[in-house]
Amino acid sequence: MNVLHIGIDDTDSPDGMCTTFLASQIINKLKENEIDILDYPRLIRLNPFARFKTRGNGGVSFKIENDEKADLARRIVLEEVEKLSMFDCDNTNPGVIFYEGEITGEMEDYAFRAIYEFITIGEAEEFGKSVGCEIHKFKKGRGIIGSIAAISLPLSDFTFELLTYRSSENYGTKRQIDYESVYEMDKKTFPDTFENIDYGENYIAIEPKTPCPVLYGIRSNTVEALKTAKGIVSVGEPVVDWCIFKTNQHTDMHIQKVDNIDSMKQFGCYEVVGEVKNKPKIIDGGHMFFYIFDESGEIECGAYEPTKSFRNTVSDLRPGDIIRVFGGIGEQNTFNIEKFQVISLNDVEYKNPVCECGKRMTSAGKNKGFKCKKCGKKIESSKKVPIIINRNLKNSKFYETPVSARRHLSKPLCRMDIN
Ligand code: ATP
């Protein structure tokens, strides 16, 4: 079947709109004209460090059959983007892409580049033209960067998100969600749905914190679980529309596995193994930092204040521990930890020897061995003795940031094949 891919990005602003809502409106308009989309619409999260993102750097795409109605579909898409985008915001620069046919290998490579690196509008335009995309730029048209990626990214792993939308007169007001029903939904549908609630912080994660049209969003491995979940969550305001998106959220698609610390670059996201160099320390503002190193170099790792209780876990690390960290290198050139796995714990501590009388000995001076303050016994050797200590952390175990601090792309442990 000949297919028309449609990509849309950068239509929203911090004050309103949401590209998913716009897509959902377009899909409804297409349906009214008897044009059905093929498969689920897609919500594709791109480079978490992209400069002009509003929130989660997400682009949207969907596809339809490229038949005699395709021109009407193109017109509807462009009209709706023109009508609904937040043009008043300087940083809203919508881009729409139409592409006919199969997604090629080079388009897939481009999409991964949009997750791993920065792409300029000029580069995206040149690339889009070279592969035969029809490009529509509004204002600066920055959205074409994400739109091309949104249609091109292969989804070897994916999740779904159900988004419900509010009536426009309620935008900006407190969302009327019955929190008890969210707890019940989580109890009944987790781990098929996930990221619903941060129990540590008593934080309802399905509720956005911005004035956007979304009432709530539920994330899941299956469409069935989303439908069950929607039936359980009760709300006290009208839901004018809802839509399920197929997405790369919570797949770790942003993470590149590297062999050593020196291979990592600023604004990239990685998985790397290193040895803890120093005891993690908390600084003003509540951020916690420590270094890891390997034969190629070292990097400062951070567990920031919003990661809350995760900092207690991180504080249990000690020099000599070998860990695998997952995260990204941000503005300050610090590795922002999303999760880590303990590879091996350093559970040995060196202490002064214990005297025959049972008292721990003290140093008798530099290179002068030890002496016992209780019975006066002396030993010549200055070698401390190894003692096995108890650790709160466990070998092989993964530890992650809480739900309230989770990145859209981060794979939570409940989705990982671990026991
Ligand atoms: P929301 O999460 O609410 O949908 P957003 O965070 O996705 O909003 P956008 O309005 O889409 O914000 O803005 C992100 C902008 O960054 C878009 O113009 C997109 O094309 C662009 N962009 C995406 N990936 C990259 C990249 N790798 N390099 C440079 N720009 C990018």
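A short tour of the structure in this document, coming up.

The rules behind the values
- Residues numbered from 1 in each chain as written.
- Predicted model: local features only at pLDDT ≥ 70, side-chain atom pairs only at ≥ 80, totals over all residues.
- Heavy atoms only, no water.
- Pairing = 2+ DSSP bridges.
- Helix = DSSP H or I, 4+ residues; strand = E, 2+ residues; numbered from the N terminus.
- Contact = heavy atoms within 4.5 Å.
- Axes fitted to C-alpha atoms, helices over the stretch in contact; angles between N-to-C directions.
- Near = heavy atom within 4 Å.
- Polar contact = N/O pair within 3.5 Å; in protein donor to acceptor, adjacent residues only side chain to side chain.
- Areas by Shrake-Rupley, 256 points an atom, 1.4 Å probe, with all protein chains shown as cover.
- Nonpolar A, V, L, I, M, F, W, Y, C, P; charged D, E, K, R; others polar.
- Expected span 1.5 Å × (residues − 1).
- Buried < 20%, exposed > 50% of the residue type's maximum accessible area, 1.4 Å probe, protein only.
- Arc of directions from axis to C-beta.
- Disulfide = S-S within 2.5 Å.
- Salt bridge = Lys/Arg side-chain N within 4 Å of Asp/Glu carboxyl O.
- Parallel < 35°, antiparallel > 145°, perpendicular 65-115°, else oblique.
- Left-handed = near helix turned anticlockwise from the far one by under 90°.

1. Quick word on the sheet that holds strand E20 (residues 362-363)
Phase 1 of the analysis: A sheet is described by the order of its strands in space; here three strands give the open sequence E20-E21-E22, paired in antiparallel fashion. On the outer flanks of this sheet lie E20 and strand E22 (378-379), each paired with one strand and no other.
Phase 2 of the analysis: Note: E20 against strand E21 (residues 370-371), two bridges, orientation antiparallel. If you follow Ser363 over to E21, its bridge partner there is Phe370.

2. Thoughts on the sheet that holds strand E1 (residues 3-9)
Sheet strands line up and pair through hydrogen bonds in the backbone, either parallel or antiparallel.
Phase 1 of the analysis: Ordered in space as E5-E4-E1-E3-E2-E11-E6-E10-E7, the nine strands form an open sheet in which the pairing is mixed. The sheet is open, and its two edges are formed by strand E5 (134-137) and strand E7 (193-194), each paired on a single side.
Phase 2 of the analysis: Here two bridges tie E7 to strand E10 (residues 214-220), and the two strands are oriented antiparallel to one another. In the sheet register, Thr193 faces E10, and the bridge partner there is Ser220.
Phase 3 of the analysis: Set on the sheet, helix H4 (residues 121-131) makes contact with strand E4 (95-100) and E5; between it and E5 the angle comes to about 150°.

3. Considering the site of the ligand
Phase 1 of the analysis: Taken together, 21 residues surround the ligand, and among them Asp9, Asp10, Arg55, Asn57 and Gly58 come closest.
Phase 2 of the analysis: Contact distances for the ligand include 2.6 Å between an oxygen atom and a side-chain N or O atom of Asp10.
Phase 3 of the analysis: Backbone polar atom of Ile119 to a nitrogen atom of the ligand: 2.9 Å apart, as the coordinates give it.
Phase 4 of the analysis: For the ligand, the accessible surface in isolation is 640 Å², of which the surrounding protein chains cover 96%.
Phase 5 of the analysis: Residues that form the shell around the ligand fall into these classes: six nonpolar, seven polar and eight charged.

4. Things to note about the side chain of Glu161
Phase 1 of the analysis: Its place among the elements puts Glu161 in strand E6 (residues 159-166).
Phase 2 of the analysis: Residues within four places of Glu161 in sequence aside, it is in contact with Leu43, Gly217, Ile218, Arg219, Leu226, Cys243, Ile244, Phe245, Thr247 and Gln249.

5. Observations regarding helix H3 (residues 105-116)
Phase 1 of the analysis: In this model H3 runs 17 Å from its N-terminal to its C-terminal C-alpha over 12 residues, within 8% of the 16 Å that 1.5 Å per residue would give.
Phase 2 of the analysis: Listing the buried residues of H3 in full gives Met107, Tyr110, Ala111, Ala114 and Ile115. Projection of H3 onto a plane perpendicular to its axis shows the buried side chains occupying an angular sector of 145°, all on one side.
Phase 3 of the analysis: For H3, the elements touching its buried residues are strand E2 (37-45), E4, H4 and helix H5 (143-152).

6. Overview of helix H7 (residues 223-232)
Phase 1 of the analysis: Looking at H7, one finds that the buried residues are Val223, Ala225, Leu226, Ala229 and Ile232.
Phase 2 of the analysis: Packing partners of the buried residues in H7 comprise E2, E6, helix H6 (179-189), E7, E10 and strand E11 (239-247).
Phase 3 of the analysis: Backbone nitrogen of Ala225 and a side-chain oxygen of the N-cap are separated by 3.1 Å at the start of H7; the cap is Thr222.

7. A closer look at the pairing of strand E16 (residues 297-303)
Phase 1 of the analysis: Inspection of the sheet shows strand E15 (residues 288-294) paired to E16 by seven bridges, in the antiparallel sense. The partner of Phe293 across the bridge, within E16, is Glu298.

8. Some words on the state of the cysteines
Phase 1 of the analysis: Within the structure shown, the criterion is met by zero disulfides.
Phase 2 of the analysis: For Cys355, which is in no disulfide, the shortest distance to another cysteine sulfur is to Cys375 and amounts to 3.5 Å.

9. With respect to the pattern of salt bridges
Phase 1 of the analysis: Evaluated as defined, the whole model comprises 28 salt bridges.
Phase 2 of the analysis: Here Arg74 ties to Glu134 by a salt bridge, and the two come within 2.4 Å at their closest N and O atoms. Of this pair, Arg74 sits in helix H2 (residues 70-84) while Glu134 is found in strand E5, placing the two residues 60 residues apart along the sequence.
Phase 3 of the analysis: A residue is classified by how much of its surface remains accessible, and Arg74, at 11% relative accessible area, is buried.
Phase 4 of the analysis: A salt bridge links Lys339 to Asp252, with the nearest nitrogen and oxygen atoms 2.7 Å apart. Of this pair, Lys339 sits in strand E18 (residues 335-344) while Asp252 sits in the loop between E11 and strand E12 (256-257), and the two are 87 residues apart along the sequence.
Phase 5 of the analysis: Take Lys339: its relative accessible area is 2%, and that puts it in the buried class.

10. Structural notes on the side chain of Glu195
Phase 1 of the analysis: Residue placement: Glu195 occurs in the loop between E7 and strand E8 (197-198).
Phase 2 of the analysis: Polar side-chain contacts of Glu195 include one of 3.0 Å to the side chain of Arg406.
Phase 3 of the analysis: Residue contacts for Glu195: discarding those within four places in its chain leaves Ala205, Ile206, His250, Val403, Arg406 and Pro412.

11. Some words on the packing of H3 against H4
Phase 1 of the analysis: The geometry of H3 relative to H4 is characterised by a closest axis approach of 11 Å and an angle of 165° between their N-to-C directions. Relative to H4, the element H3 is oriented roughly antiparallel. For H3 against H4, the interelement crossing comes out left-handed. Contact residues: H3 offers Glu106, Met107, Tyr110 and Arg113, while H4 offers Glu123, Ala124, Phe127 and Val131.
Phase 2 of the analysis: For the contact of H3 with H4, the residue count by class is five nonpolar, no polar and three charged.

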